[in-house]
Amino acid sequence: MVHVYNCHPFKSQQIVQVEQEPGLVCCGGGALFVVATGGCKVEVYNLEKEGCPLFCRFATMGTVKSIQHSKIGDYLVTIEEKNNATYLRAYTNWRYQAEEKGRVGVRLLGHLLGGASVWGGVQMEIIEIPMSERPIAVSCCPVTGDLLVGCEKTVVLFTLSRQNQQNLNQSQQSVQNSLPNSQQSCNPSQGPTSVSHPNLSILDFERSVILHLPKMSLKQVALCGGYVAVNAELEVLVLKLEAASDPAAAEEPLETSKSAAEPPQDQDDFLLIPRHQELLESKAKDCDILVTMEKTGLEDQAQYQFSYILFRRFSPEFFQGCRVEEMQIHSLQLYPLFTSNSLEDPTCVFCFFSLPTAGYLYSLKGGVELLSAYQYPEKVLQAVMSDHLLHVITKNALQCFTVRCSAVAARMEDPYIDTTMKACPPSTLEVCALRIQLFIGLRSVCVYNQRVILLSAADTETQQEPERRSRKWTISSPKETSTVGHGWNLYVVDTVHPFTLYQEMVEYSCRYVQTTPQSHSLRHLLSEAHLLLRACLLQTPEQKQSGQGDPAVSSKPGSNGAVDKNSATQANRQELEEALRQNSAQLGDCFSRASQKDCHLALPYYKMSGLTVAEVISRNRPPPEGPSSYGLGFLFYLKLHLLEETEQHLTQEEADEIIYIFSQSEPFLLVSVCASPCMINCSATRTLQILQRLEDTAGVSVPLTIIMAAMALRLGKQQDYTELMERHAEMQLVYGFIEEPRLLLHGGGGGGGGGGGGQHSQVHPTSLARQLANTQPGLLVAAMVALHENCKVQLEQADFVFKELGCENTLLVDFWEAMLMASSQDAVIQELLFRVASVYIDRLTNSINGSGAPKYKSLKGADDLITSCSHYGALYPWLTVLNPTHSTTSEHQEALHKLQSLLCGPSLSVGSIVPLLERLSGETLWGFSLHLLCATRRGQYESSIEQLLDRCPQAIIAYANHQLQDKYMTLWWQKLLPELCKRTRAAADNGILLGALKETLVVVAMETSPAEFLELIPDDGTASYFLPHLLTCSQRHLMA
């Protein structure tokens, strides 16, 4: 569908004063090139000056049949005919013909040393490019300046090369030195009077790639940044040429189907009509067009490989209103779009081609996609693209359509588009047609910047007005033609700046706002205006300097100098950005009332507008005389805005209005709305009344009860708060906090269920969380653990919350202990184990120094943790001997038991806390027990036995019975027995050591053989003491 708007894309036109009837025209480099009909002369006119004065003229070597200008290299390429032969020629340095007396050099492709420009003065050069086949079409790459030549069945790519004249002079000098003296002095032009230009670069071309397309009869070719497009009468093929990373791969032909390689047989008596076909990207290689690549034969030439990008075939019966011979593709164009962030490599590349009644625009870079299909109201002769408009000519009219280039480029430039942050109209948005300009007998069209050049030649034999099919388009009155009397004219039509066209579209949209504010046409028109602004903002500095830029720069005649231009450009960019904000606000208004399919777009457009919530609310208030309903997009915007964690707090009036809006539209969202940090200033009394009515109608729910309790707390109604919180069990309240985390926390993504995700922004406790810390700490800790396990809050964020509550030494430790019971993440568990162990050590240290924290009873005691948490192990039996219960406080005893339990458990890495334990002295038994636990956990049993015998021998048997088992059983007789014998020999009256020795001998007698036991008996005369145990060992051995 094509929308039609009565906007004016043209602002003025002028007639170029040409002496002879033009046959061919082209433009580029600020110049208009005119070739007279049947002539051999090119006239160049200055397009950048008022009146387009003649710049220069020069003769060609034959009758020009086709002419193209290359922006890169500033050269002309022509297809000429002379004496029934066709030639391909390139004209360089044509600007030096302004004096009309400049010299002209002619040379062959690749022959650089024979040109007069090498020997001295500047001159225009004509490069003869030999071709094995007759050239039909040419195209110059706007990115690299390369030349593409199309013959009937082949395509030849010539790469543009430059050589500095100084290098050529050195090369030429070496050639001269090798010649005889007589040959060196034969040319008088080489004398000292010649003027050298060392900075002049000489252009030349190198034949790079030859592509053979035996099944296509080429009509047109196009080249842009490695993309090659060709078309036959009803077929278009786009290829991508790339340098081959593997030379062998470049030589391998692409696999084609059998039908593509072999011509059909036994079908000479049938007329085959091709079917309509469109193949994109990887599917394009399945077309029946076989392409082969031929080597150029140069050793140092880069190797290329190609891939199919796009294939489109049309069926002759597909069109209506045209004769069969008129059903041909024309106006093939590859169009690059450069932006300020990509000045060398184009951000986007587009492919356009047209049929007499329809045009097609594809995006090639970053994925092939059909952007627009243009349906023309009458037969189109030619079409040409620009950044923001498509210009087409019929026999008697110039028509303009919008294009979607800026929509594609904006998405390539900004990754935040099509998110909740930013939006842009889709690249497949329906196009629109603008006002028509009437002419008589249009023949061709070309575009340079914001100027459209038209060639008209009226049919003098039939002066009657051609018939037109009826259409609804608004047209302008025809301009007066030249009064010279000839039947042809060359027009230069100036188009308006995109920003001016944007302003007219905005003015035009006001009609829809007053009549049908929710119409699709209004949204489409504002989207068109948005894309025009995008086109202005994406312009490169070169485009702005060449007249396509901001009108503020060109409208100040007195501003000269770089500073004035830069300041004017900056001021006008601010104007464009302000216009973009206003347009985004208007689009936000449209989508705020849109259907469910598009209503989500209200959010990003309102964000781009920079409007405050109050301003958005005022724009969406229902009219007094209309229904009191709100648009889906507006409600979506409010919901997402309230879910965001921002520091912007609404006033009481704004917050109350939002609560009223949701109470009328979506009351089930009132809990989330009231929990938003933006709504902290809402009226608690009024909100509580609305929530009570919601509870009466919808029933009781845990989150609703909690938010009502929070409102009662704000009002100071402590009894009502207590009654509401006692309605539900603690676990149900925890589930309520999981459903709406912002009841406890504000900031850091606490709402919406995605507070994890690696974000570590700070969160803050709500007033309800502060109340729970004082009255129900267990509920607060359980809720925080549940939020962490459900990825609603990070561990660091939870730490900050408890620290802000002033509970870093109390509830925070309870939270860590509870996390150890609930968490299953190894990294989190190891971190928490280290943290709690550090806290226990600090508490023990502070109790020694007498600077302990105020008394606080933990939520979980040591016995509770041992019972409910697998990371806390049961205390070893021998620790009871080392733990005197009467000599320390209860807080000290609890910290000691928890730390000992961690050391007895399976999870704590002992090596991580050994440096911390150095702060605890081993002089006390409980301090010694901790060091002994660490040594035991690290496998240091022998030293532990010695230390235990030194400090507390009464615990040695309990220690040995628990620790010296399995593979460590041999330590009973290898370490413990010798130590006891040595110590009892020194202190024979020590009953503790004697008792320990007896217990040890009992174990040794049970675990060793009689021979092994005999070897263990010391030879100091005390063998009689061991004989009863040896007898027991022998009897046990005999019975076994």
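The coordinates are above.
Rules used throughout
- Residues numbered from 1 in each chain as written.
- Predicted model: local features only at pLDDT ≥ 70, side-chain atom pairs only at ≥ 80, totals over all residues.
- Heavy atoms only, no water.
- Helix = DSSP H or I, 4+ residues; strand = E, 2+ residues; numbered from the N terminus.
- Buried < 20%, exposed > 50% of the residue type's maximum accessible area, 1.4 Å probe, protein only.
- Contact = heavy atoms within 4.5 Å.
- Areas by Shrake-Rupley, 256 points an atom, 1.4 Å probe, with all protein chains shown as cover.
- Phe/Tyr/Trp six-rings, centres within 6.5 Å; stacked < 30°, edge-to-face > 60°.
- Pairing = 2+ DSSP bridges.
- Axes fitted to C-alpha atoms, helices over the stretch in contact; angles between N-to-C directions.
- Lys, Arg positive; Asp, Glu negative; His and termini not counted.
- Salt bridge = Lys/Arg side-chain N within 4 Å of Asp/Glu carboxyl O.
- Core = buried A, V, L, I, M, F, W, Y, C linked by side-chain atoms within 4.5 Å.
- Parallel < 35°, antiparallel > 145°, perpendicular 65-115°, else oblique.
- Left-handed = near helix turned anticlockwise from the far one by under 90°.
- Nonpolar A, V, L, I, M, F, W, Y, C, P; charged D, E, K, R; others polar.
- Disulfide = S-S within 2.5 Å.

Structural notes on the overall build of the protein chain
Check the secondary structure of the protein chain and you find 36 helices and 35 strands. When burial is assessed residue by residue, the protein chain has 51% of its 1040 residues classed as buried. Long-range pairs, those at least 24 residues apart, make up 66% of the contacts in the protein chain with a sequence separation of at least 6. Accessible surface, the protein chain as shown: approximately 48,600 Å² in total, 50% of it carbon and sulfur.

Focus on the packing of aromatic side chains
One pass over the full model with this rule turns up 23 aromatic pairs. Where Phe314 meets Tyr360, the ring centres are 5.2 Å apart and the plane angle is 35 degrees; that geometry is what we call tilted. Taken together, the residues span a long stretch of sequence, with Phe314 in the loop between strand 21 (304-313) and strand 22 (330-337) and Tyr360 in strand 24 (residues 358-363) at a distance of 46 residues. One exposure class covers both Phe314 and Tyr360, and it is buried.

What to know about the sheet that holds strand 31 (residues 442-448)
The strand order 2-33-32-31 describes an open sheet built from four strands, whose pairing is antiparallel. In this open sheet, the two strands that pair with only one neighbour each are strand 2 (10-15) and strand 31. Strand after strand, the sheet turns through a mean of 20 degrees between neighbouring axes, direction not considered.

A look at the environment of Val18
Along the chain, the position of Val18 falls in the loop between strand 2 and strand 3 (22-28). Taking the C-alpha atoms as reference, Val18 lies 9.8 Å from Trp488; in sequence the two are 470 residues apart.

Observations regarding the pairing of strand 18 (residues 235-243)
With seven of its nine residues buried, strand 18 lies for the most part within the structure. Two strands pair when backbone bridges link them, and strand 17 (residues 227-231) and strand 18 are joined in this way by five bridges, in the antiparallel orientation. Bridge pairing in strand 18 links Val228 to Leu239. Hairpin geometry of strand 17 and strand 18 is characterised by an intervening segment of three residues between the two adjacent antiparallel strands. As paired strands, strand 18 and strand 21 are joined by nine bridges and run antiparallel to one another. The residue bridging Leu239 from the neighbouring strand is Tyr308, located in strand 21.

Some words on the side chain of Glu504
Tracing the backbone shows Glu504 in helix 7 (residues 498-515). Buried and without a salt bridge, Glu504 has Arg435 as its closest oppositely charged side chain, separated by 6.9 Å. Ignoring sequence-local partners within four residues, the contact set of Glu504 consists of Asn6, Cys7 and His8.

A closer look at the nonpolar core
In globular proteins that are soluble, nonpolar side chains generally tend to be buried together. Of all hydrophobic cores here, the largest spans 189 residues; its most connected members are Leu454, Ile658, Phe737, Leu780 and Phe815. Excluding anything up to four places from it in sequence, Phe815 contacts Val781, Met784, Val785, Leu795, Ala798, Asp799 and Phe802.

Regarding the pattern of salt bridges
Once their charged atoms are close, side chains differing in charge can pair, the charge on each being opposite to the other. Applying the stated criterion to the full structure yields 34 salt bridges. Note that Asp494 and Arg451 form a salt bridge whose closest N and O atoms lie 2.8 Å from each other. Here the residue Asp494 occupies a position in strand 33 (residues 488-495), and Arg451 occupies one in strand 32 (residues 451-457), the gap between them amounting to 43 residues. In terms of burial, Asp494 and Arg451 fall into one category: buried. Counted as one network, the salt bridges with shared partners bring together Glu946, Asp950, Lys975, Glu979, Lys982 and Arg983.

Here's the deal with the sheet that holds strand 21
Hydrogen bonding along the main chain pairs the strands of a sheet, whether they run parallel or antiparallel. The strand order 16-17-18-21-19 describes an open sheet built from five strands, whose pairing is antiparallel. The open sheet is flanked by strand 16 (220-224) and strand 19 (277-280), the only strands paired with a single partner. Between one strand axis and the next, the sheet turns by 20 degrees as a mean value, whatever way the strands run.

Brief notes about the packing of helix 30 (residues 925-937) against helix 31 (residues 941-951)
The interhelical angle for the contact between helix 30 and helix 31, taken along N-to-C directions, is 165 degrees, at an axis separation of 9 Å. Put simply, helix 30 runs roughly antiparallel to helix 31. Crossing of helix 30 against helix 31: the hand is left-handed. On the side of helix 30, the interface is formed by Leu925, Phe928, Leu932, Ala935 and Thr936, while helix 31 contributes Tyr941, Ser944, Gln947, Leu948 and Arg951. For the contact of helix 30 with helix 31, the residue count by class is six nonpolar, three polar and one charged.

Focus on the packing of helix 22 (residues 777-789) against helix 23 (residues 795-804)
Angle between the axes and distance between the axes: these two values describe a pair of packed helices. At a minimum axis distance of 10 Å, the contact between helix 22 and helix 23 shows a crossing angle of 160 degrees. As summarised for this structure, helix 22 and helix 23 are arranged roughly antiparallel, according to the angle between their axes. Judged by the twist between their axes, the crossing of helix 22 over helix 23 is right-handed. Here Leu780, Val781, Met784 and His788 of helix 22 come into contact with helix 23, specifically with Leu795, Ala798, Val801 and Phe802.

A look at helix 6 (residues 405-413)
When helix 6 is considered as a whole, its buried residues turn out to be Cys405, Ser406, Ala407, Val408, Ala409 and Ala410. Buried residues along helix 6 sit against strand 22, strand 23 (348-354), strand 24, strand 25 (369-375), strand 26 (382-385) and helix 8 (520-537).

Some points on the state of the cysteines
As enumerated under the stated definition, the model contains zero disulfides in all. For Cys7, which is in no disulfide, the shortest distance to another cysteine sulfur is to Cys432 and amounts to 7.3 Å. Cys7 gets classed as buried once you look at its relative accessible area, which sits at 0%.

Section: the pairing of strand 32
Counting buried positions along strand 32 yields seven of seven residues, so the element is predominantly enclosed. The alternating pattern of strand 32 places Arg451, Ile453, Leu455 and Ala457 on one face and Val452, Leu454 and Ser456 on the opposite face, and all of these are buried. Examined bridge by bridge, strand 31 and strand 32 share six bridges and lie antiparallel to one another. When the bridges of strand 32 are listed, Val445 appears paired with Leu454.

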